[in-house]
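Single-letter residue listing:
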Amino acid sequence: MEKIKLFKKGYVSTIIYIIVIIWFLLNIISLPQNCIEAAHSGLLTWFNIIIPSLLPFFITSELLIGLGFVDLIGILLEPAMSPIFNVSGKGAFPLAMSITSGYPVGVKIISNLRKDKHITRIEAQRLLSFCSTSGPIFMIGAIATGMLNDPSLSPLIVLPHYLGTLTVGIVFRFYKKEKKIILYSHEQNIFKTAFKQLFKLRTKNNKSLGILLFQGVKEGMDSMLVIGGFIVFYSVLVEILNSTLFLDSITKKIISIFPINTDPQTLKALITGSFEITIGCKRIVELKEASLLCKIMMINFLIGWSGFSIHSQALSFLNKTDLNSKLYIFSKFLHGIFASLYTFFIYNFKYKNIVMTSFNPKIISLKAFSFPNWINTLVSSIQLEFFIIASIILYSIIIGLINTIVRAK
């Protein structure tokens, strides 16, 4: 009996994994040119776009957490974050970073905050539900301008996405609602409380700036390598699934089992996007029979869902913590659903009479390495990050002043 249980629990999944990996390797051998081109495209995306865009956010977030900045603003912003999302003010940091920089910065920051015990497990789980978003550069530049060829559609992409993530955050405020986030202090002077906490943590964690910088760079580069590996892997995987007609077979099987009255190409585009959102969005734009509303609803679902490629990147960080990855994936599914619903309402309110004569389904070209372009992207990312940090500080001061005035009365 024990052997049968072991077989059921572990052996079947192990055999399936081995078969899938062998199938993957055989396809790489049989389709070398296709796989090389896909891997090359993924590598260029990682090196030319991902590294200069995200590396500054990774390094700086490590430094700010180590210096106690997150705890400082956490106390000041708690009166704003706690009533809405039932989390401490520390949640404002990963939320702002995620909204501006995109996947998977928010998850990375939350994982670090949890590992260092700056936040509780329940609070981290709530934050994960709404602090994992796409960045405006991807939605405006790649989707609205690059693929749909109409920048005026940007609000129809951006607004539903961010409204969707905020809605998920409000829903998840009731996750284990009996566990409420307790304010640091009820003292009248919130600034005094915030700086006391900052100095207390710096005394406890007295690492020098040099050590913190070294750790930040190391952690940032390690994260970049993990993200790059997943981008290349999923680029090759999607190419194999297309080249072997595997997706066509899955599409036909789903239509035969479920009474879905839809175009097979539409379903195929959605399945592709569930693995890699950029390729999936491009294929949705290329659909000839679908209406503009239908296309954008599907695109916004995929951006909210984020795809298995992004999930794998996020899980590489979450697996180092005690957080529930299944709950995180479920929250991303809800995000996609809410984003689609908001798209429907916003479209019928403002964009119903718009006429699209043609589409321009293309992805931003990935040229060979260009030093000036790479540096420009890096500088823009650093400038954006400093702007966000300055905005958080200003917003924290305003909230702190309001809170002080209210308590004084």
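Heads up: the structure comes first, above all this text.
Residues numbered from 1 in each chain as written. Predicted model: local features only at pLDDT ≥ 70, side-chain atom pairs only at ≥ 80, totals over all residues. Heavy atoms only, no water.

### A few points about the overall build of the protein
Part 1: For the protein, the count of helices and strands is 17 helices and zero strands.
Part 2: Counting all 409 residues of the protein, 48% fall into the buried class.
Part 3: Taking as baseline every contact in the protein between residues at least 6 positions apart, the subset at least 24 positions apart corresponds to 80%.
Part 4: By element, 69% of the accessible surface of the protein is carried by carbon and sulfur atoms, the whole surface being about 20700 Å². (Helix = DSSP H or I, 4+ residues; strand = E, 2+ residues; numbered from the N terminus. Buried < 20%, exposed > 50% of the residue type's maximum accessible area, 1.4 Å probe, protein only. Contact = heavy atoms within 4.5 Å. Areas by Shrake-Rupley, 256 points an atom, 1.4 Å probe, with all protein chains shown as cover.)

### So, empty space enclosed by the protein
Part 1: Under the counting rule described, the total for this entry stands at two cavities of 30 Å³ or more.
Part 2: Taken as a whole, the second largest cavity encloses approximately 40 Å³ of empty space.
Part 3: Lining the second largest cavity are K108, S111, N112, K115, E219, F317 and K320. (1 Å grid on protein atoms, 1.4 Å probe; cavity = no way out; pocket = protein on both sides within 12 Å on 5 of 7 lines; lining within 4 Å. Points joined across faces, edges and corners; volume = space filled by probe spheres on them.)

### Describing helix α14 (residues 292–305)
For an α-helix, the turn length of 3.6 residues means that residues three or four places apart are oriented alike.
Part 1: For α14, spanning 14 residues, the distance from its first C-alpha to its last is 20 Å, which sits close to the expected 20 Å at 1.5 Å a residue.
Part 2: With 12 of its 14 residues buried, α14 lies for the most part within the structure.
Part 3: Within α14, burial applies to L292, L293, K295, I296, M298, I299, N300, F301, L302, I303, G304 and W305.
Part 4: Downstream of α14 by one or two residues, S306 has phi in the positive range, about 80°. (Expected span 1.5 Å × (residues − 1).)

### Structural notes on the packing of helix α8 (residues 154–172) against α14
Part 1: At a closest axis distance of 10 Å, the pairing of α8 and α14 adopts a crossing angle of 45°. As the angle between them shows, α8 and α14 are arranged oblique. Considering the relative orientation of α8 and α14, their crossing is right-handed. Where α8 approaches α14, its residues L156, I157, P160 and H161 are matched on the opposing element by I296, N300, I303 and G304.
Part 2: A per-class count over the contact of α8 with α14 returns five nonpolar, three polar and no charged. (Axes fitted to C-alpha atoms, helices over the stretch in contact; angles between N-to-C directions. Parallel < 35°, antiparallel > 145°, perpendicular 65-115°, else oblique. Left-handed = near helix turned anticlockwise from the far one by under 90°. Nonpolar A, V, L, I, M, F, W, Y, C, P; charged D, E, K, R; others polar.)

### What about the packing of aromatic side chains?
Part 1: Within this structure, the stated rule accounts for 13 aromatic pairs.
Part 2: Ring geometry for W23 and F246: centres 6.0 Å apart, planes at 50°, overall tilted. Placement of the pair is W23 in helix α1 (residues 2–30) and F246 in helix α11 (residues 246–257), with a sequence separation of 223 residues.
Part 3: Overall, the relative accessible area of 38% leaves F246 in the partly exposed class.
Part 4: Measuring from ring centre to ring centre gives 5.7 Å for F344 and F345, while their planes differ by 75°; the resulting arrangement is edge-to-face.
Part 5: We classify F344 as partly exposed; its relative accessible area is 36%.
Part 6: Overall, F345 belongs to the exposed group, its relative accessible area being 55%.
Part 7: Above the face of the F174 ring, R173 is positioned so that its terminal group lies 5.4 Å from the ring centre. (Phe/Tyr/Trp six-rings, centres within 6.5 Å; stacked < 30°, edge-to-face > 60°. Lys NZ or Arg CZ within 6 Å of the ring centre and 35° of its normal.)

### Structural notes on unusual backbone geometry
Part 1: Residue P104 is bonded to the preceding Y103 through a cis peptide linkage, with omega at -10°.
Part 2: Tracing the backbone through its elements, the reader meets P104 in the loop between α4 (92–101) and α5 (105–115).
Part 3: Notably, N86 is not glycine yet its phi reads approximately 55°, a positive angle.
Part 4: Considering the arrangement of structural elements, one finds N86 in the loop between α3 (69–85) and α4.
Part 5: For N86, a relative accessible area of 6% gives the class buried.
Part 6: Phi at L245 takes a positive value of approximately 60°, unusual for a residue other than glycine.
Part 7: Locating L245 in the fold gives a position in the loop between α10 (209–243) and α11.

### What to know about α10
Part 1: If you check α10, its first and last C-alpha atoms are 51 Å apart, about what 35 residues at 1.5 Å a residue would give, namely 51 Å.
Part 2: Just past α10, the residue L245 takes up positive phi, approximately 60°.

### Considering the pattern of salt bridges
Part 1: For the structure shown, the criterion picks out seven salt bridges.
Part 2: Two residues, E62 and K108, come together in a salt bridge whose shortest N-O distance is 3.7 Å. In this pair, E62 is assigned in helix α2 (residues 32–67) and K108 in helix α5, connecting sequence segments 46 residues apart. Here E62 and K108 have matching classes, each one buried.
Part 3: K108 serves as the salt-bridge partner of E219, at 3.3 Å between the closest nitrogen and oxygen. Separated by 111 residues along the polypeptide, E219 in helix α10 and K108 in helix α5 bring together distant segments of the chain.
Part 4: For E219, a relative accessible area of 25% corresponds to the partly exposed category.
Part 5: According to the relative accessible area criterion, K108 is buried, its value standing at 3%. (Salt bridge = Lys/Arg side-chain N within 4 Å of Asp/Glu carboxyl O.)

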